[in-house]
Structures are given as structure tokens and as C-alpha cells.
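Structural overview for review
Take a look at the letters that make up each chain.
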Amino acid sequence: MRKKQSTNYLNEQFLFQVCERNSAISMVSGRWKSQIVYYISQGNDRFHLLQQRLPAISEMVLARQLKELESHAILIKREIPNTVPTGIKYILTNKGLDLVPILDSLCNWGKLYADGKEISVSEDK
């Protein structure tokens, strides 16, 4: 946790007040969050299924990323009834579901330039 009077914290709060875009980017920033949201949207809603889809992620990092997404109300976790030990599944909230097409658009934008789309500069008017 950062001190609430630190320059870093104060700068972050300023940026969040200037534009909600900064807050939104902060919510989904992190190496794994976009893939976690995408995989949950595809039905991989259990911890072990996410681990299978993301074999390079450690259990600790996956757990932390899920908690952060939950703290931003992008997903919730629910107990699966009548399972021993108690099973947990992750469900995207409407906020998380609204995020999926945005992440898809970012993915397409990234692919476009990774595939070699020419980069140019617009002429000033």
C-alpha cells in the first residue's frame, strides 16, 4: 500500500479525476488481467481452468489478479454448491462483460500493427 500523501498516490488520484480513461486503464492494467477476463468470458471460470489456459502464470499471481479484478467489480466469485472441497467459480459482472468487446478491439488493433500495417503521420491542417 502507498501512503495517501505520497506524490505517486496524489498523481494517480489527479489523473483519475481528469479522465475516467485513466481509472479504467488502471483497473485492467497488468500482464494477465485481459487474458483472465477473456478466458472467463469463454467459460474457463474455475481457477484450475485458468491455470491450464495460462500455464506460465504462478498460482500466487493468478490469485492476486483475480482479487484485483474482483475489487474493481469486474468479476465475482461464487461457491459451487454440493462440492467437496468447496468449488469456486468466477463470473463476470455486467462491468466485466462490457469490457470484453473493448479488449477484443484492443487485440485487433495490436494484431493490425503486429502484422505490419504501415505507420504514418497525419498532415497538420
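Presented here is a report on the structure given in the accompanying data block. (Residues numbered from 1 in each chain as written. Predicted model: local features only at pLDDT ≥ 70, side-chain atom pairs only at ≥ 80, totals over all residues. Heavy atoms only, no water.)

1. A look at the nonpolar core
Residues Ile-36, Val-37, Ile-40, Leu-50, Leu-66 and Leu-75 are the most contacted members of the largest nonpolar core, which totals 20 residues. Looking at this core, the elements with two or more residues in it are α3 (33–41), α5 (59–71), β2 (87–92) and α6 (94–114). Those residues in contact with Leu-66 that lie beyond four places of it in its chain are Ile-36, Ile-40, Phe-47, Leu-50, Leu-75 and Tyr-90. (Core = buried A, V, L, I, M, F, W, Y, C linked by side-chain atoms within 4.5 Å. Buried < 20%, exposed > 50% of the residue type's maximum accessible area, 1.4 Å probe, protein only. Helix = DSSP H or I, 4+ residues; strand = E, 2+ residues; numbered from the N terminus. Contact = heavy atoms within 4.5 Å.)

2. What to know about the packing of α3 against α5
Axes are the key here: two packed helices are described by the angle between their axes and the distance separating the axes. Where α3 contacts α5, the two axes come as close as 10 Å, and the packing angle between them is 75°. In this view, α3 runs roughly perpendicular relative to α5, as classed from their interaxial angle. Contacts between α3 and α5 involve Lys-33, Ile-36, Val-37 and Ile-40 from the former and Leu-62, Gln-65, Leu-66, Glu-68 and Leu-69 from the latter. Residue classes in the contact of α3 with α5 are distributed as 6 nonpolar, 1 polar and 2 charged. (Axes fitted to C-alpha atoms, helices over the stretch in contact; angles between N-to-C directions. Parallel < 35°, antiparallel > 145°, perpendicular 65-115°, else oblique. Nonpolar A, V, L, I, M, F, W, Y, C, P; charged D, E, K, R; others polar.)

3. Observations concerning α5
For α5, spanning 13 residues, the distance from its first C-alpha to its last is 18 Å, which sits close to the expected 18 Å at 1.5 Å a residue. Those residues of α5 that fall on the buried side of the exposure criterion are Val-61, Leu-62, Gln-65, Leu-66 and Leu-69. Along α5, the residues classed as buried sweep out an arc of 135° about the axis, all on the same side. Seen from the buried face of α5, the exposed residues on the opposite side, beyond 90 degrees, are Glu-59, Met-60, Lys-67 and Ser-71. Elements in contact with the buried residues of α5: α2 (20–28), α3, α4 (47–53), β1 (75–80) and β2. Where α5 ends, the next residue or the one after it, Ala-73, has phi of about 60°, a positive value. (Expected span 1.5 Å × (residues − 1). Arc of directions from axis to C-beta.)

4. Focus: the environment of Gln-51
With respect to the helices and strands, Gln-51 occurs in helix α4. On the basis of relative accessible area, Gln-51 is assigned to the partly exposed category, the value being 24%. Sequence-wise, Gln-51 and Leu-112 are 61 residues apart; in three dimensions their C-alpha atoms are separated by 28 Å. Each residue touching Gln-51, except ones within four places of it in the same chain, is listed here: Glu-59 and Leu-62.

5. Points about the pairing of β2
Taken together, the 6 bridges between β1 and β2 define a ladder with antiparallel strand orientation. The residue of β2 that forms the bridge with Glu-79 is Ile-88. What sits between β1 and β2 in their antiparallel hairpin is a turn of 6 residues, with Asn-82 showing a positive phi close to 60°. (Pairing = 2+ DSSP bridges.)

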